[in-house]
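Structural characterization, general
Take a look at the letters that make up each chain.
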Amino acid sequence: MALPFIAESVASAIIDNLVGTCLSYLEVYPATSGMQYELERLQQALPQVQAVLTAVEEGAPVMAQNKALDTWLWQLRDAVENAEDVLDELEYYELQKKTTRDRDDKVRGILSNCKRKFDSFVNRIFSDDTLRRLREAVKGLDRVIAGMGPLLHLVAGLYGSGVKRQNLEEIKNARETSSLLTESEVLGRDEERDLIVEWLIKPGDADVNVSAFTIVGMGGLGKTTLAQLVNCDKRVREYFDPIMWVCVSLDFDAAAITRKMLDNSCSTSLNALHEIVKQKLTSKRFLLILDDVWNDDKMTEWEKLVTPLKFGQRGSKILLTTRMDSVANMAAKVMKCKRESLNLNKLEESDYMLLFNKHAFLGVNPDDYKNLQLIGEHIATKLGGCPLAIKVMGGMLNSCMDYEYWKKILEKDNMKLQQGNDGIMTVLRLSYDHLSTNLQLCFRYCSLFPQDHMFKRKKLVNMWIGSGLIPQSICGRQRPEDIGKEYLNLLTRKSFFTCETSDNGRKITKQYFMHDLLHDLAQSVSLGECIRVGGDVAGITIPRTVRHLSVKMVNLLSFKEISNLKNVRTLVIYVKEDNKHNADHALQFLEVIKRFKKLRLLILYVNFYSHKLPDALSSLIHLRYLSFSQGEVVNESIEYDGLTKLVNLRSLVVSNDVIRNIPFISKLSFIHKLENFIVREKSGYKIGELKNLRDLRHLCIRKLEKVRSSEEAIEANLNEKKHLKSLSLKWSKDRFNSAEVDEQLLDNLCPHINLKKMRIAQYQGAKSPYWMTNLSLVNLTFIELCDCKGWEHLPSLGQFSSLQYFWLRRLHAVKQIDCSFNRSSSGCAFPSLKKLFFDDMPNLVEWIGVDDRCMFPQLLFMSITCCPNLREIPTLPYGLGDLYISNVGLTALPTINQDYANNNLQEHSQALENLAIGQCEKLEYVPPEFFGKFKAIKYLHIKKCPKLTKRGISDIQLPSVLNELTIGSCGDLEVSLLWSANLTSLTELELLNCARIASLPPPQVCARWTMLSRLEIKNCKELSSLGGMQALVSLHSLKIEGCDKLIGVALLQPPLPNDVGQKNAEDFFLKLGKLSIDHHALLLLEPLRSLSSINNLTISDASQLPSLPEEWLLQNHAALKFLEIQNASSLQSLPESMTRLCFLGCLVVHNTDLIQSLPDLPTSLRTLHITGCHPVLKERCQENIGLDWPKIANIPIRMIE
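These numbers come from a predicted model, not from an experiment.

Take the overall build of the chain next. Counting secondary structure elements, the chain contains 38 helices and 41 strands. Across the 1201 residues in the chain, those meeting the buried criterion constitute 53%. When contacts within the chain are restricted to residue pairs at least 6 apart in sequence, those whose partners lie at least 24 apart make up 66%. In the structure as shown, the chain presents an accessible area of about 52,000 Å², 48% of it carried by carbon and sulfur atoms.

A separate point is the environment of Gly-1028. Of note, Gly-1028 is situated in the loop between strand E34 (1014–1018) and strand E35 (1037–1041). Residues Gly-1028 and Glu-1086, spaced 58 residues apart in sequence, show a C-alpha to C-alpha distance of 9.8 Å. When sequence neighbours within four positions are dropped, the list of residues in contact with Gly-1028 reads Pro-1001, Pro-1002, Pro-1003 and Cys-1006.

Cysteine pairs can be linked by a disulfide, which is a covalent bond between their two sulfur atoms. A complete count under the given rule lists zero disulfides for this structure. Here Cys-920 is not disulfide-linked; the sulfur of Cys-945 is the nearest cysteine sulfur, at 4.9 Å. Unpaired in this structure, Cys-1181 has its nearest cysteine sulfur neighbour in Cys-1173, at a distance of 7.2 Å.

The strand order across the open sheet formed by three strands is E6-E8-E7, and the pairing between neighbours is antiparallel. Unpaired on one side and paired on the other, strand E6 (455–456) and strand E7 (498–503) mark the two borders of the sheet.

Taken as a whole and assessed by the stated rule, the structure comprises 21 aromatic pairs. Taking 5.5 Å as the distance between ring centres and 45 degrees as the angle between the ring planes, the aromatic pair formed by Trp-731 and Tyr-763 counts as tilted. Of this pair, Trp-731 sits in the loop between strand E17 (726–730) and helix H28 (739–747) while Tyr-763 sits in the loop between strand E18 (757–761) and helix H29 (770–773); the two residues are 32 residues apart in sequence, bridging distant segments of the chain. Since its relative accessible area comes to 4%, Trp-731 is described here as buried. Geometrically, the ring pair formed by Trp-807 and Phe-837 is stacked, given 3.9 Å between the ring centres and 15 degrees between the ring planes. Of this pair, Trp-807 sits in strand E20 (residues 805–809) while Phe-837 sits in strand E23 (residues 835–839), and the two are 30 residues apart along the sequence. With respect to burial, Trp-807 and Phe-837 carry one shared label: buried.

The next thing to look at is unusual backbone geometry. Of note, the amide linkage connecting Asp-241 to Pro-242 takes the cis form, showing an omega dihedral of 5 degrees. Counting through the fold element by element, Pro-242 comes out in the loop between helix H10 (234–239) and strand E2 (243–249). Looking along the chain, the bond that leaves Glu-1086 and enters Pro-1087 is cis, with omega of 5 degrees. Examined against the element boundaries, Pro-1087 turns out to sit in the loop between strand E36 (1074–1077) and strand E37 (1096–1099).

Pairing is parallel across the open sheet formed by six strands, whose spatial order is E9-E10-E11-E12-E13-E14. Bordering the open sheet on either side are strand E9 (530–533) and strand E14 (651–653), each of which pairs with just one other strand. Across the sheet, the mean angle from the axis of one strand to that of its neighbour is 5 degrees, orientation sign disregarded. With five bridges joining them, strand E11 (residues 570–575) and strand E12 (residues 601–605) adopt parallel strand pairing. Across the sheet, residue Val-572 finds its bridge partner in E12, namely Ile-603.

Inspection of helix H35 (residues 1044–1051) places Leu-1046, Ile-1047 and Ala-1050 among the buried residues, and these make up the whole buried set. For H35, the buried positions fall inside an angular range of 100 degrees around the axis, keeping them on one side. In the core, the buried residues of H35 are packed alongside E35.

Per the stated rule, a full pass over the model turns up 35 salt bridges. We note a salt bridge from Arg-759 to Glu-784, for which the minimum N-O separation is 3.4 Å. In this pair, Arg-759 sits in strand E18 while Glu-784 sits in strand E19 (residues 782–786), placing the two residues 25 residues apart along the sequence. Arg-759 gets classed as partly exposed once you look at its relative accessible area, which sits at 22%. Bridged by salt links that share partners, the residues Asp-78, Glu-81, Asp-85, Arg-547, Arg-569, Lys-598 and Arg-600 form one connected network.

What counts and how
- Residues numbered from 1 in each chain as written.
- Predicted model: local features only at pLDDT ≥ 70, side-chain atom pairs only at ≥ 80, totals over all residues.
- Heavy atoms only, no water.
- Helix = DSSP H or I, 4+ residues; strand = E, 2+ residues; numbered from the N terminus.
- Buried < 20%, exposed > 50% of the residue type's maximum accessible area, 1.4 Å probe, protein only.
- Contact = heavy atoms within 4.5 Å.
- Areas by Shrake-Rupley, 256 points an atom, 1.4 Å probe, with all protein chains shown as cover.
- Disulfide = S-S within 2.5 Å.
- Pairing = 2+ DSSP bridges.
- Phe/Tyr/Trp six-rings, centres within 6.5 Å; stacked < 30°, edge-to-face > 60°.
- Axes fitted to C-alpha atoms, helices over the stretch in contact; angles between N-to-C directions.
- Arc of directions from axis to C-beta.
- Salt bridge = Lys/Arg side-chain N within 4 Å of Asp/Glu carboxyl O.

So, in structure tokens, the structure goes:
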């Protein structure tokens, strides 16, 4: 089936609602006729409609497409959506009437809800039109359903149980796999194979006899092949006996699977099968491989399957392959073991190219087709490292070794891959067909986005809801947002999305992306419904059935091309044209926008400013989601009151300039996010406008000083907004309110107990609000107090059991953090805190910890900056992973030895990974055991701590896993840190302002730094030797600046000879690497003197350089691609030998006021920048007429000024 276009539950709810609405209307106005007969027929036919839609939904995974049924489904969808529009219009006018009535406080309690709803038909100007549309909706549905008769027999024939079983069996047979490898060679999966094999053959947990491992990935990534590779591994064959392979596929039947385990035993009863399996496996260490598992919900069938397996010997294992992450959870749950899984990723480039070449050039010599190799690389890259796609495409290309054919394939999309039963699209389509109808719709919708788009959860879910994909009729008591999140989680667990998590310190962000082939699948299954046009729409035929449309246009006027699409519910428009000065185009564009009357979601990315834009959208009464960006607002006094007519809006994504100028925003009672509500004394902008916004999730109130009384503050009803998750309360910076006024106001802005995130800024009060001291906000996870410079006494935040993130910034009045701050009734202060930030608290002197109770048992991250008078930090827990201390008045580092979670200190001694200490000028002491205790440190920065001593430290041994090390002005520790042995994982090293380092370590020490790729040496005034630098075989980037003694030594070296021969570079030192120096003489020092393969050279201060180091440049002519000379105020000319730099692509010279002409330049040059040049040179380089113009005319990017 191509599409079950509308879910049965949605269609039924809309038809029911329509019939109920019409019957209620007829009860109130019995004289009205013309619908009674159709309504009766709709009521009678509804069960049959439900039956057809249910059959289509359930049969879709195994049935072929039928054109007649597709056509009828589209007709039904049109009729149902027309009915939905009419009902939505009724609700719109009722909502609009209610907001007006609430504001005017009139007509309350006069009419019943039912009669009030239908008074709009006779009491308003639109009554006749609405009644007419209601009748048309009923008749339209009646016409479509009247033609359903012949389809009942068709559906019975297509979706009868016998037909369905037959088709299901055909799919199962086609997908049957065996334990034997079908490939002679498996490329790129050795690492994954070894990981799985090592897990399989390691001893099992003492309390679990049988545990499970799951290979998860989308279709076509090679899960089955990997399982076959594991099955054939000698280590596995020797460790397990017996080994059983079962291809499970779509139908998860415990008896059938058990029968396959027993080589298709003829026993019929499950009990008999269990007895046989029990006898076979008792005291045996077995391996059961379940390939292609789809069931993630039939708990009973799973339990039936594993019951006899528990008699196996400890160490027995189950290996599963599946497309759904949720199967891994189910397997772990049913086996009562720890979840173990591998998310199979795409092949690496080297591996997928080997696989592609194997199939694309099968039977021929690739060297005979060199013209196809480059285009083949582009095709292979486009396939996203998917093995099955590469095999299919390679085989297709192998059938025609013609350049034009391959070029045509490259220019097309990947749709051709769906050909045949083994095609990648056919394989992926099977996953799609097994989604519920609602999930299918949400997946199809994602074809509106470009490939490689990173989806943000909230935005995608809000767009689904805004476009009507998650209607309230299917939500019951759940919120649409919760259902949308669950949909996204389900699609992720079923491998349609991959989730990436990032943490910037302030919040954890999840982003989702879709494999390119899955994006192609979304496009293929959404044809006629979701369309994305990547270029101009002129000349493109867009189906009139389209519901969701994304268009990127060259200019505004081309928008007329799509103005006839009357069924569009989602419209996303990107306009490239610069329309800032074309007011006529903008006005015509707005007129066309108004014609899309059915829109639920509208997103506009335009670069023109028109104050008419917001009001032009006010007639789109069905809108739930509106987002537009426009040019700079010219007139800030314009009010956008037209937007308040969109009373159904849930999401309004516009600039702060627009939000601040929407009067009476309380009319938008469903709005979820309001991040720039600026309080004014003017009517329509007072804080009382927030009163009826009960659905708010995120709220930021600014200019709170404009609230004139406690009564006004209470009117905001913050304590009744139970859905509010995030609240920011902000005053203005420059004002003269008294502390008492702020304190009273903040007391009256008490939020609801469900609040999770709280920010308070520019508060001038000295004390905390009562609702932060009485523990009422038990659900708070995030608190930020910023620029509250009068706040002196902090509340007892240690008692907030859910608090995970805590920021204090610029609280200048806080002098002491005492025991009251850490107070906790549970015996543990800040029991859930994970991240703690103190910044710019200059008067903080003392932070008192707790001796007899724990603090921060879950703390992972701490940053203390700009607290110059803070003398001591309390003892920290072993679980701390990141510690950043800068400009703090410590004399010793804090102790890290609390362990409240586990008495086994060894387990927690590995936690600290990132440590940065800077500008602690009083810091003298590091505990002797410090570096030996924390063996997991990967990032260590110690700088601007000049008083540090080696007291009690005889030898520093930094951990071998260290990746980044910065040493800068840290007293006696400089040399000891640098000479630390065994830094085998070090990749980056910075030496900054090190006054005690005279030389880099000798070759035998540098040779241990086998991974070091970047070295920066800056302002090390005593450095006079580069030591054994040539032994840094992985070095790719070297920067040396401000090392005066080193320059002095370099100036004593003999010049390079004029006759430059082939130099013997020190192995791989800086091969094709980047070198940046601040004095040209450093090129005379070894090992820089002998370099011959530098790719990138920068001389950052050439003020004493009369001519370029010509001999050294020619020595590197075969590799040099980038050359930059800064501050070249003494440079008189460029050498004539420049043409010999035959690979130079970019030449940049700054402050060249002495150069008056150019030599011939290399033909490879693509970028030339000369700045601060002599007027004569500028004249000689004038286009077409300058004497030097022929020398630079063919350079694509040039700037001479």
